[in-house]
Amino acid sequence: MLEGILIGLSTALSLTNILMVIGGVLIGTFIGMLPGLGPMSIIAIMIPVAISIGDPSAALILLAGVYYGAIFGGSTSSILLNAPGVAGTVATAFDGYPMARAGKAGKALTIAAISSFAGGTIGAILLMIFAPMLSSVALLFHSAEYFALMVVGLSAIAAFAGTGQVAKAILMTLLGLIMATVGEGALYNLPRFTMGLMDLQSGFSFITLAMAMFALPEALFLVMHPMRVNTGGNSGKITDLRITRAEAKAIAPVIARQSLQGFFIGVLPGAGATIASFLGYAVERNIAPKHEQDEFGKGSIKGLAAPETANNAACTGSFVPLLTLGIPGSGTTAILLGALIALNVSPGPRLMIDNPQVFWSVIISMYIGNLVLLVLNLPLIPYIAKILAIPRTFLIPFILFFTLMGAYIGQNNATELLILVGMGVAATVLRFADYPLAPLLIGFILGRMLEDNFARSMQLYDGIGFVVERPMTMGLLAIALLLVLLPSYRAYRARVRARGVADGD
Amino acid sequence: MTKLTLGRRALMIATAATLSLGAPAFAGSHQVLDSIHFLIPGGAGGGWDGTARGTGEALTKSGLVGSASFENMSGGGGGKAIGYMIENAESQYGTLMVNSTPIVIRSLTGVFPYNFRDLTLVSGTIGDYAAMVVGKDSPINNMADLIAAYESDPGGTAIGGGSVPGGMDHLVAAMVMEAAGKDALNVKYIPYDAGGKAMAALLSGEIAALSTGFSEAVDLANAGEVKIIGVTSDERVDAFKDAQTMKEQGIDIAFVNWRGFFAAPGLPADRLAAYQKAIDMMYATPEWEEVRARNGWVNIHNSGDDFRTFLEGQEKVIGDLMKKLGFL
């Protein structure tokens, strides 16, 4: 192994490969910053470039750099414009955007950058030490466990069920779950709830829905409340990067936990960065003390650090099944796999033996890449944050342009724009009525996977028996229950104690 | 087999040379068409996208076609693009649409209101065989073992695949069981939303066997992670000679998941001939060989009437099977 690391080190530190990793993360982070553009389309476009390089190590270093660079940069549009471009950064907007609204855009971007860096780097360390052993972990989960994992993910909606909001949050989650059933599922041969419209046959697209729920209502609110854009205060404050010692102390354990948790969820081929970010958010929210819990969804630094750490760690973790088993867990890693095969490298258990320089140099390039991303992003934050100081006459068209472009590009289907605008207006009305929109998106993203895995397990076990037959499923479901009940129990205890004190004295 | 192809290629090069001598009007050395517009019925990064862009790359780099443009039109699982070609036929004579086996399946189920007869058939270009795969530690070593396991415990012998029930991977599994004389209706088929996830389920032991594309399984078979117990080709495939064909094991089926190109209905005959000629000549170029090898595609070339015969044959086989399975 040490020998392999040394080979990897010398390969990764060659001038070409350092240029590759810098080029890759640069492209990735800038594309990722644009709302609506995810890593998948940009990697697909870059495949011919990577293949023409010819050297598999260099090609994979470049493409991997684009991948985690895009996840790194994806937080920017979530935080500043409430326009997540990738499913993995939806959770970042939950607390990142309220922070930016409160005039702390610079701080939010800094926390996101540091969390991403830590998640990516700790992920790379774990990848280096444990990758060979982790291939069996990747195969530990069956459909039943994936189903239970999605249930744990759904417990994230508890964060949006504040006082008097419980019914509304549940209602919006259900709406999201219902919307996930539109179109042809993986399990049925027939389109459902498409109302005969061909454009709904593949279901709603995630990007369109994310833009309609988050970015478009935001732009409309800016139009309707002329003062809203100025809540950011003067531009001197929004560019402030400083994190206080107390804040650093608060997020350090979050980062440590989520790097580990995110990485292991990323290792599972059926989960990935999105699930990791929701789970990270749910877990951190539900184990936080009561007074901090109320902050979640309103601009909590923990609520921002958790998904940002987890999604980057998961992105690194997803290289475990790709490199050690040759199994792609997501669309993006499937494209990476195609590129590797085209370069005559077969990922799988023999990769470490046959092509040690490819295996180790990619992992080592991840340290360099994450460092480059941090060094690159930190000095740029004051300038990027200034986007919010742009006069609203320019800012609103800018948001609208990217929102519409994000929904259109990649699919080239003009009907998406109609769906986007229609849903966006509906979402704005819901926001007026004070319905939280994040649970809808969580329900939508998890809904399809929840249903597919549930139905598969039902089929495999001829009924619901899998819940008792598989201890791990039971365990995960128990964790989900605990995550939901723990906060209520604590609140109950606090009430009892408060009453006790009042009664006693 | 290979020799035959080479012979045909040599003949094609000769023909191409003669033609270009006799037709000096063509610009460049052997340009057949000025431009082709490729319509891709799905988003960027999918199989259709790769096929169209790869073909366009080979055609332009080899100089057979002056320029190529690409348009992604997703919607309706590909149905939107087919409708667009038919409704705007006259303005789409410069367009080639890429498609594959699902056009046959989806037309049969009525998901598409059209079928391939509503379009002009240009040519099937590449394909992939289907394969049955089991994990490396599985006690199953060949189709006979799988069928025996299925007979003794149909409920415990789940076969997975990367397509919906009634989709390609399911149909192949059912076709195999049917040809082996078993009741295809009882096959416990577990669908996954992508081939990679189905493969993970096989390795984790959730399913007993996997019905998948041959090329998707070859790399893992080479790595010793899985065993390919049957291929739906007529003869063993060069890419992995160890894999037995279904026919060798007494299961008389052959199945090709093809990809090819269609044009708008009412396409003028000379235009069609030019498209077919450009694609014919493409196979002999090193540029195509590079694209093909990079993607691991198998050349399966059916042009014009051969393509029609092939599609009608496939439609009949799949249609009969789907009726039997209750999907129609």
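Since the structure is predicted, the reported quantities are computational estimates derived from the model, not experimental observations.

Engineer: Which parts of the structure should I look at to understand the overall build of chain B?
Structural biologist: Of the regular secondary structure elements, chain B holds eleven helices and ten strands. Relative to the 2.2 N^0.38 estimate, which gives 20 Å for 328 residues, the radius of gyration of chain B is 21 Å and therefore close to what a compact globule would have. Dimensions of chain B along its principal axes, counting C-alpha atoms only, are 70 × 40 × 30 Å. Long-range contacts, defined here as pairs at least 24 residues apart, represent 75% of the contacts in chain B between residues at least 6 apart.

Engineer: Teacher, can you tell me more about the overall build of chain A here?
Structural biologist: Secondary structure assignment for chain A yields 23 helices and zero strands. Here chain A has a C-alpha radius of gyration of 22 Å; the compact-globule value for 505 residues is 23 Å, and the two agree. Taken along its principal axes, the extent of the C-alpha atoms in chain A is 70 × 60 × 60 Å. Within the span of chain A, comprising 505 residues, buried residues form 59% of the whole. Across chain A, the fraction of contacts at a sequence separation of at least 24, relative to all contacts at a separation of at least 6, is 80%.

Engineer: Sorry if this is basic, but what is going on with the domain arrangement of chain B here?
Structural biologist: Residues and elements named next belong to chain B. Annotation of chain B at the domain level lists domain 1 (2-127 + 256-323) and domain 2 (129-255). A C-alpha centroid distance of 29 Å is found between domain 1 and domain 2. Taken residue by residue, the interface counts ten residues in domain 1 and twelve residues in domain 2. For the side of domain 1 that touches domain 2, the secondary structure elements donating two or more residues are helix H4 (102-109), strand E9 (256-263) and helix H11 (304-325).

Engineer: I keep staring at the nonpolar core and nothing clicks. Help me out?
Structural biologist: In a soluble, globular protein the nonpolar side chains are often hidden away together inside. One finds Ile43, Leu63 and Leu441 of chain A together with Val133 of chain B to be the most contacted residues of the largest nonpolar core, which totals 258 residues. Viewed by domain, this core spans two of them, domain 1 (2-127 + 256-323) and domain 2 (129-255) of chain B, each represented by three or more residues. The contact partners of Val133 of chain B, leaving out residues within four places of it in the chain, are Leu202, Ala209, Leu210, Thr212, Ala217, Val226, Lys227, Ile228 and Ile229 of chain B.

Engineer: Teacher, can you tell me more about helix H7 (residues 143-154) of chain A here?
Structural biologist: Because an α-helix completes one turn every 3.6 residues, residues spaced three or four positions apart along the sequence face the same direction. All names here are of chain A. Between its first and last C-alpha atoms H7 spans 17 Å; for twelve residues at 1.5 Å apiece the expected length is 16 Å, and the two agree. Burial analysis of H7 places twelve of its twelve residues in the buried class, the great majority of the element. Along H7, the residues that are buried comprise Ser143, Ala144, Glu145, Tyr146, Phe147, Ala148, Leu149, Met150, Val151, Val152, Gly153 and Leu154.

Engineer: When you look at the interface of chain B and chain A in this model, what are you seeing that I'm missing?
Structural biologist: Interface size is commonly expressed as the accessible area that is lost once the parts come together. On the side of chain A, 44 residues touch chain B, which itself brings 40 residues to the contact. Put simply, the parts of the chain that give the side of chain B that touches chain A at least two residues each are strand E2 (65-72), helix H3 (79-87), strand E6 (189-191), helix H7 (195-203), helix H8 (214-222) and helix H10 (286-295) of chain B. Ranked by residue count, the leading element in the side of chain B that touches chain A is H7 of chain B, at five residues. Among the residues making up the side of chain B that touches chain A, the classes are represented as 15 nonpolar, 17 polar and eight charged.

Engineer: Hey, could you run me through unusual backbone geometry in this one?
Structural biologist: Both trends apply: most residues other than glycine have a negative phi, and most peptide bonds are in trans. All names here are of chain A. You will see that Asp434, though not glycine, has its phi angle at about 70°, which is positive. Overall, the presence of 9 C-beta atoms within 10 Å leaves Asp434 in the exposed class. Positive phi is not limited to glycine here, since Asp462 has a value of about 50°. By secondary structure assignment, the location of Asp462 is in the loop between helix H21 (438-460) and helix H22 (466-469).

Engineer: I tried to follow the environment of Leu15 of chain A on my own but got confused; where do I start?
Structural biologist: Residues and elements named next belong to chain A. Structurally, Leu15 is set in helix H2 (residues 15-33). What makes Leu15 exposed here is the crowd of 7 C-beta atoms within 10 Å. Here the alpha-carbon distance between Leu15 and Arg245, two residues 230 residues apart in the chain, equals 38 Å.

Engineer: How should I be thinking about the packing of helix H12 (residues 273-287) of chain A against helix H14 (residues 301-317) of chain A in this particular structure?
Structural biologist: Relative placement of two packed helices is described by the angle separating their axes and the distance separating the axes. All names here are of chain A. Between H12 and H14, the shortest axis-to-axis distance is 8 Å and the interhelical angle comes to 145°. Considering only the axes of H12 and H14, their crossing is right-handed. Each of Ala273, Ala276, Ser277, Gly280, Tyr281, Glu284 and Arg285 in H12 lies in contact with H14, whose residues at this interface are Lys302, Gly303, Ala306, Pro307, Thr309, Ala310, Asn311, Ala314 and Cys315. Looking at the contact of H12 with H14 residue by residue, the class counts come to eight nonpolar, five polar and three charged.

Engineer: It is not clear to me how helix H11 (residues 245-267) of chain A should be interpreted in this structure. Could you clarify?
Structural biologist: Residues and elements named next belong to chain A. Its 23 residues place the ends of H11 33 Å apart at the C-alpha level, agreeing with the 33 Å of an ideal helix rising 1.5 Å per residue. In the structure, H11 departs most strongly from a straight axis at Ile251, where the bend amounts to approximately 25° and where the proline Pro253 lies between one and four residues downstream. Of the positions making up H11, those classed as buried are Ile251, Val254, Ile255, Gln258, Ser259, Gln261, Gly262, Phe263, Phe264, Ile265, Gly266 and Val267. Where H11 is buried, its residues meet helix H6 (105-138), H12, H14 and helix H15 (319-325).

Engineer: What is the right way to look at the environment of Lys277 of chain B in this model?
Structural biologist: Residues and elements named next belong to chain B. Turning to its location among the elements, Lys277 is positioned in helix H9 (residues 269-282). Taking the C-beta count within 10 Å as the criterion, Lys277 has 18 such neighbours and is therefore assigned partly exposed. Sequence-wise, Lys277 and Ser303 are 26 residues apart; in three dimensions their C-alpha atoms are separated by 9.5 Å.

Engineer: Looking at this structure, I do not really get the packing of H2 of chain A against helix H4 (residues 56-81) of chain A. What am I missing?
Structural biologist: All names here are of chain A. Following both chains from N to C, one finds H2 and H4 inclined at 30°, their axes separated by 6 Å at the closest point. Between H2 and H4, the angle falls in the class roughly parallel. Note on packing geometry: the crossing formed by H2 with H4 is right-handed.

Engineer: Explain the pairing of strand E1 (residues 33-40) of chain B here, please?
Structural biologist: The two faces of a sheet get side chains in turn, since along a regular strand they alternate between them. All names here are of chain B. With seven bridges joining them, E1 and E2 adopt parallel strand pairing. Opposite His37, over in E2, you have Ser69 as the bridge partner. Of the pairings in the sheet, the one linking E1 to strand E3 (residues 95-100) comprises three bridges and is parallel in character. Bridge assignment links Phe38 to a residue of E3, and that residue is Leu96.

Engineer: Hey, could you run me through the environment of Ser205 of chain A in this one?
Structural biologist: All names here are of chain A. One can find Ser205 in the loop between helix H8 (166-180) and helix H9 (206-224). Judged by the 20 C-beta atoms lying within 10 Å of it, Ser205 falls in the buried class. Note: C-alpha distance between Ser205 and Gly4 (201 residues apart in sequence) is 42 Å.

Engineer: Is there a simple way to think about the confidence of the model for chain A in this case?
Structural biologist: One rule of thumb: low pLDDT means the predicted coordinates there are not for detailed reading. A residue-level look at chain A finds 94% of positions with pLDDT of 70 or above and a mean pLDDT of 85. A low-confidence stretch, residues 230-235 of chain A stays under pLDDT 50, and its non-local contacts, those more than four residues away or across chains, total ten contacts.

Engineer: What is the right way to read the confidence of the model for chain B from this model?
Structural biologist: Residues and elements named next belong to chain B. Looking at chain B as a whole, its pLDDT mean stands at 86, while 91% of the residues score no less than 70. Counted against residues more than four places away or in other chains, residues 1-28, with its pLDDT under 50, gives 14 contacts. Across the assembled chains, the prediction reports ipTM 0.83 with pTM 0.84.

Conventions we followed
- Residues numbered from 1 in each chain as written.
- Chains lettered and ligands numbered in written order.
- Predicted model: local features only at pLDDT ≥ 70, side-chain atom pairs only at ≥ 80, totals over all residues.
- Helix = DSSP H or I, 4+ residues; strand = E, 2+ residues; numbered from the N terminus.
- Rg over C-alpha atoms; globule rule 2.2 N^0.38 Å.
- Contact = placed C-beta atoms within 7 Å.
- Buried ≥ 20, exposed ≤ 12 C-beta atoms within 10 Å, placed from the backbone.
- Domains from an automatic or database assignment.
- Core = buried A, V, L, I, M, F, W, Y, C linked by C-beta atoms within 7 Å.
- Expected span 1.5 Å × (residues − 1).
- Nonpolar A, V, L, I, M, F, W, Y, C, P; charged D, E, K, R; others polar.
- Axes fitted to C-alpha atoms, helices over the stretch in contact; angles between N-to-C directions.
- Left-handed = near helix turned anticlockwise from the far one by under 90°.
- Bend = angle between axes of the 7 residues up to and from the residue.
- Parallel < 35°, antiparallel > 145°, perpendicular 65-115°, else oblique.
- Pairing = 2+ DSSP bridges.
- pLDDT = per-residue confidence, 0-100.

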